[in-house]
Structure formats: structure tokens, C-alpha cells
Amino acid sequence: MIEVVTEITIHAPIERCFDYARDIDIHTRTVWKHTHEQAVAGVTTGRIGEGDTVTFEASHFGIRQKLTSRIAEYNRPYLFVDQMEKGAFKSMRHEHRFSKLGEQTTCMRDTLRFEAPLGVLGWVAERIVLKRYMQAFLESRNLKLKALLENK
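Residues numbered from 1 in each chain as written. Predicted model: local features only at pLDDT ≥ 70, side-chain atom pairs only at ≥ 80, totals over all residues. Heavy atoms only, no water.

Participant: I keep staring at the pairing of strand β1 (residues 2-10) and nothing clicks. Help me out?
Facilitator: Looking down a regular strand, the side chains alternate between one sheet face and the other. Only one face of β1 is buried, namely the one carrying I2, V4, T6, I8 and I10, since none of E3, V5, E7 and T9 on the opposite face is buried. Where β1 lies against strand β7 (residues 105-115), nine bridges are found, and the strand directions are antiparallel. By the bridge assignment, T6 is partnered in β7 with D110. (Buried < 20%, exposed > 50% of the residue type's maximum accessible area, 1.4 Å probe, protein only. Helix = DSSP H or I, 4+ residues; strand = E, 2+ residues; numbered from the N terminus. Pairing = 2+ DSSP bridges.)

In C-alpha cells, the structure reads:
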């Protein structure tokens, strides 16, 4: 299993950061454009909440694929966890944690744990390609989310 951790400081209130991070419309605007990611089932617009599911369709490595996740844990405005129910990975769990650094400052920390299918081949792919890819994907998205929240 691979773990990717990102952390970013955002100059915006914790509640606003939490709500933006779980907004499907904002999510599709802040991911890489070349993936053409869109929500196609479950909650497809607005904010996702406890127990809700969403299915995203996107192109990664030139392959169009779907991933369905459920909000497995939810504690507004501090934590929500989306866990893969169906998709290309053997397993995936994404923890979104928020901590208040001040009235107008929030620390957003993502911890993504995933395991590729295909046994030894998946193990190799995780270490050679997927870890860097997912790290870059999350960092890019978080910078765009920060810019939106800080109105830059």
C-alpha cells in the first residue's frame, strides 16, 4: 500500500475550506484539465456529505475509467474520508483533514492510501509511476483550491 500526504495552508476560514473541498463542481474545476474529469453518478453537483457516493469518470494514462467513492467518515469542518467502492485500484482511501490555524487560516492535509491491482506488476507500478502521479495530482488540485478560496 502506498501513502501520499500533502499539506497546504489556506488563508480562509476552516468551514469554507471544508465546504469547498467537498464540492463536486469545484472538484471538477480544480483537477487537471487533460483528465476531462466529470461526476456521472451519485452526487454529481454541489456538496457531498456523510454516506453519499459519487462516481467520477476521467482519463488517466490515456484510459477512460470510472471510480466510485463513498463518504465513509464525516465530521464537519475537521474531517471527511472518501473510500473507493469500485474502480481501477485494489483499494483507495482519501482522508481530508482540516485544522484551524487562526480565524482566517486553515491547514488542509490530505492523506491518500492506495493499492494497485495486478500483484507484483501493481506493486512495481505503485512505486515507479503512481505515487509521483498521485502526489502531483493532489498538489496541483490543492493549489487551485487555495487560489479559489483566497480569491487569487
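Next comes the rest of the account.
Participant: How should the pairing of strand β3 (residues 53-60) be read in this particular structure?
Facilitator: Counting buried residues along β3, seven of its eight residues qualify, which places the element largely inside the surrounding structure. Across four bridges, the pairing between strand β2 (residues 38-42) and β3 is antiparallel. By the bridge assignment for β3, G42 is matched with V54. Two strands pair when backbone bridges link them, and β3 and strand β4 (residues 63-75) are joined in this way by eight bridges, in the antiparallel orientation. Within the sheet, the bridge partner assigned to T55 lies in β4 and is T68. Linking β3 back to β4 in an antiparallel pair, the connection comprises two residues, with F61 at a positive phi of about 55°.

Participant: Looking at this structure, how should I read the environment of N151?
Facilitator: Within the secondary structure layout, N151 lies in the segment after α3 (119-149). We classify N151 as exposed; its relative accessible area is 62%. Considering only alpha carbons, one finds N151 and F137, 14 residues apart in sequence, at a separation of 21 Å.

Participant: What should I look at first to understand the sheet that holds β2 in this one?
Facilitator: The strands making up a sheet are joined through hydrogen bonds of the backbone, oriented either antiparallel or parallel. If you trace the seven strands from one edge of the open sheet to the other, you get β1-β7-β6-β5-β4-β3-β2, paired in antiparallel fashion. Lying at the two open borders of the sheet, with one neighbouring strand each, are β1 and β2. Each strand axis lies, on average, 25° off the axis of its neighbour in the sheet, ignoring direction. Contacting β1, β4, β5 (79-86), β6 (91-102) and β7, helix α1 (residues 14-21) crosses the sheet at an angle of about 160° to β6. Each of β1, β3, β6 and β7 touches α3; the most contacted strand, β1, lies at about 20° to it. (Axes fitted to C-alpha atoms, helices over the stretch in contact; angles between N-to-C directions. Contact = heavy atoms within 4.5 Å.)

Participant: Sorry, what's going on with α3 here?
Facilitator: An α-helical segment advances 3.6 residues per turn. Residues three or four places apart therefore align on the same side. Where α3 bends most, the angle comes to about 50°, and this point is E126. Residue N151 follows α3 closely and has a positive phi angle near 55°. (Bend = angle between axes of the 7 residues up to and from the residue.)

Participant: Whenever I open this one, the nonpolar core confuses me. Can you help?
Facilitator: As a rule of thumb, nonpolar side chains are buried together in soluble globular proteins. Counting 20 residues, the largest nonpolar core has I10, I24, F98 and M108 as its most contacted members. Contributing elements (two or more residues each) for this core: β1, α1, α2 (24-30), β3 and α3. Ranked by the residues each element gives to this core, the list is headed by α1, at four residues. Each residue touching F98, except ones within four places of it in the same chain, is listed here: I14, C17, F18, A21, P77, Y78, L79, F80, T106, C107 and M108. Counting 16 residues, the second largest nonpolar core, distinct from the first, contains I2, V31, M92 and F137. (Core = buried A, V, L, I, M, F, W, Y, C linked by side-chain atoms within 4.5 Å.)

Participant: In this structure, what is going on with the pattern of salt bridges? I would like to understand it.
Facilitator: Close approach of charged atoms lets side chains of opposite charge pair. The full count for this structure, using the stated rule, is 15 salt bridges. The closest approach of N and O atoms between E95 and R93, which form a salt bridge, is 3.4 Å. Accessibility expressed as a relative area gives 11% for E95, which makes it buried. Since its relative accessible area comes to 23%, R93 is described here as partly exposed. Of the charged contacts in the structure, one is a salt bridge between E126 and R127, with a shortest N-O distance of 2.6 Å. Take R127: its relative accessible area is 34%, and that puts it in the partly exposed class. Salt bridges sharing common partners tie together E3, E73, R93, E95, R97 and R113. (Salt bridge = Lys/Arg side-chain N within 4 Å of Asp/Glu carboxyl O.)

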